[in-house]
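Listed here are the chains, written in short residue letters.
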Amino acid sequence: MNWMLRLQEKLWGIAPWDAKQITDEWFRAHFDYASDVVHHWVGSALDLRTAKLLNFGCGDGITDLSLVLRHGATSIHGVDIRQEYAKLPRIAREQLGMSRIPAALTFETIPPGAPLAGRRPLVDGIMSWSTFEHVQRDQLLPILKDLHACLRPGGFFFIQIEPLFYSPYGSHLRRYDEVPWHHLLTSEEALWKVIEDHDGPIDAAEVDFGFADFGVDGYKRFVFKEYQALNRLTADELVEFTAAAGFHVVRQERRNVEMEIPAELRGRYPDEWLLNNEIFLLLSK
Ligand SMILES: C[S@@+](CC[C@H](N)C(=O)[O-])C[C@H]1O[C@@H](n2cnc3c(N)ncnc32)[C@H](O)[C@@H]1O
């Protein structure tokens with residue numbers, strides 16, 4: 001289908017779009033915030049107008065769409081183990097009034113851990129947003145080595161993770177549970193009970209486009225399973241894994257919360273783990 005999009009785009013240009021039509025807070029958070037941050041980091045190292053980019057764990061592709069529309073990217077290949085990106089044409093129509101998504105975007109579903117190297121030309125840049133905390137721990141190193149092999153020498157890799165597991169909302173369950181560090185303080189059964197009993201609206205910026213497929217209870221089960229599958233990576237471990245895969249750190253930023261650590265957790269985990277909720281990591285090959 002991409003050749004059709006390319007032809008249509010050649011004939012008529014990129015379909016018109018209008019950010020004033022945005023009503024969905026999840027869409028806005030990715031279209032504005034996430035894409036601006038990726039642009040800030042990746043754009044500081046590469047010219048997005050000429051770079052061939054790979055997005056590992058692209059999700060619904062909203063950030064990629066914005067990188068093309070708002071930041072001039074011309075080639076982004078998104079890969080993911082799910083197929084949320086299949087919704088992007090509909091989402092772009094609803095949120096931007098856009099009749100077709102730009103031909104600069106291509107997407108692919110992969111089995112978890114499936115090697116990508118050697119199947120496509122080397123890329124200039126790779127990005128990954130809120131994904132590496134979800135990768136099975138034993139697949140981290142093979143995947144990072146494979147991504148290293150996908151990148152051209154001199155290329156860049158940008159990774160963001162938020163929230164990190166040991167931080168106050170590191171369970172990724174905040175939409176249902178506002179108690180900081182609750183996942184470290186209570187049993188899994190008690191935590192599930194909080195989610196199960198939750199009634200009422202959840203923060204719109206935290207509700208992705210998968211919600212409609214699952215329904216209220218199905219979505220609760222889905223996010224709880226996601227919580228159970230988190231690899232519990234710390235910022236230091238992430239940096240160590242990337243070094244073991246052959247990457248070099250160009251720049252990193254770690255953000256901490258300013259909150260009082262509960263007495264029960266003091267000494268059980270390093271303060272640094274408990275307070276560090278986000279990492280931005282720019283790597284080179
Ligand atoms: C929290 S979502 C983030 C999606 C997107 N980057 C965003 O910002 O909306 C995490 C994504 O990582 C994907 N993912 C998890 N494990 C993966 C793997 N082994 N390979 C590729 N994608 C993976 C999930 O399917 C999911 O789309």
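Now for a look at the structure at hand. (Residues numbered from 1 in each chain as written. Predicted model: local features only at pLDDT ≥ 70, side-chain atom pairs only at ≥ 80, totals over all residues. Heavy atoms only, no water.)

1. Let's talk about the site of the ligand
The immediate surroundings of the ligand are formed by 15 residues, with His30, Phe56, Gly57, Asp80 and Trp129 found nearest. His30 has a polar side-chain atom sitting 3.0 Å from an oxygen atom of the ligand. Alone, the ligand offers 590 Å² of accessible surface; in the complex the protein occludes 88% of this. (Near = heavy atom within 4 Å. Polar contact = N/O pair within 3.5 Å; in protein donor to acceptor, adjacent residues only side chain to side chain. Areas by Shrake-Rupley, 256 points an atom, 1.4 Å probe, with all protein chains shown as cover.)

2. Considering the nonpolar core
The biggest cluster of nonpolar side chains holds 41 residues, and the ones touching the most others in it are Leu65 and Phe158. At the level of elements, helix 2 (25-42), helix 3 (62-71), helix 4 (88-96), strand 3 (105-109), strand 4 (123-129), strand 5 (151-161) and strand 7 (276-284) are the ones that each hand at least two residues to this core. Looking at this core, the element that brings in the most residues is helix 2, giving 8 residues. Look past the residues within four positions of Phe158 in its chain and what remains in contact with it is Val37, Val38, Trp41, Val42, Ile126, Met127, Ser128, Trp129, Phe280, Leu281 and Leu282. By size, the runner-up hydrophobic cluster in this structure holds 28 residues, among which are Val123, Val135, Ala245 and Leu283. (Core = buried A, V, L, I, M, F, W, Y, C linked by side-chain atoms within 4.5 Å. Buried < 20%, exposed > 50% of the residue type's maximum accessible area, 1.4 Å probe, protein only. Helix = DSSP H or I, 4+ residues; strand = E, 2+ residues; numbered from the N terminus. Contact = heavy atoms within 4.5 Å.)

3. Looking at helix 8 (residues 211-229)
Given a rise of 1.5 Å per residue, 19 residues ought to cover 27 Å, yet the end C-alpha atoms of helix 8 are separated by just 19 Å, more than 12% below that figure. The largest bend in helix 8 comes to about 95°, at Asp217. Along helix 8, the residues classified as buried are Gly218, Tyr219, Lys220, Phe222, Val223, Phe224 and Tyr227. (Expected span 1.5 Å × (residues − 1). Bend = angle between axes of the 7 residues up to and from the residue.)

4. Concerning the pattern of salt bridges
In this structure the tally under the stated criterion is 18 salt bridges. A salt bridge links Asp18 to Lys20; the nearest nitrogen and oxygen atoms lie 3.7 Å apart. With relative accessibility at 75%, the residue Lys20 sits in the exposed group. A salt bridge links Glu237 to Arg137; the shortest N-O distance between them is 3.0 Å. (Salt bridge = Lys/Arg side-chain N within 4 Å of Asp/Glu carboxyl O.)

5. A look at the sheet that holds strand 2 (residues 76-80)
Read from one edge to the other, the open sheet built from 7 strands follows the order 3-2-1-4-5-7-6, with strand pairing classed as mixed. Both outer strands of the open sheet, strand 3 and strand 6 (248-256), are each paired with one neighbouring strand and no more. The average undirected angle you get between the axes of adjacent strands in this sheet is 15°. Two strands pair when backbone bridges link them, and strand 2 and strand 3 are joined in this way by 5 bridges, in the parallel orientation. Looking at the pairing, Ile76 lines up with Leu105 of strand 3. (Pairing = 2+ DSSP bridges. Axes fitted to C-alpha atoms, helices over the stretch in contact; angles between N-to-C directions.)

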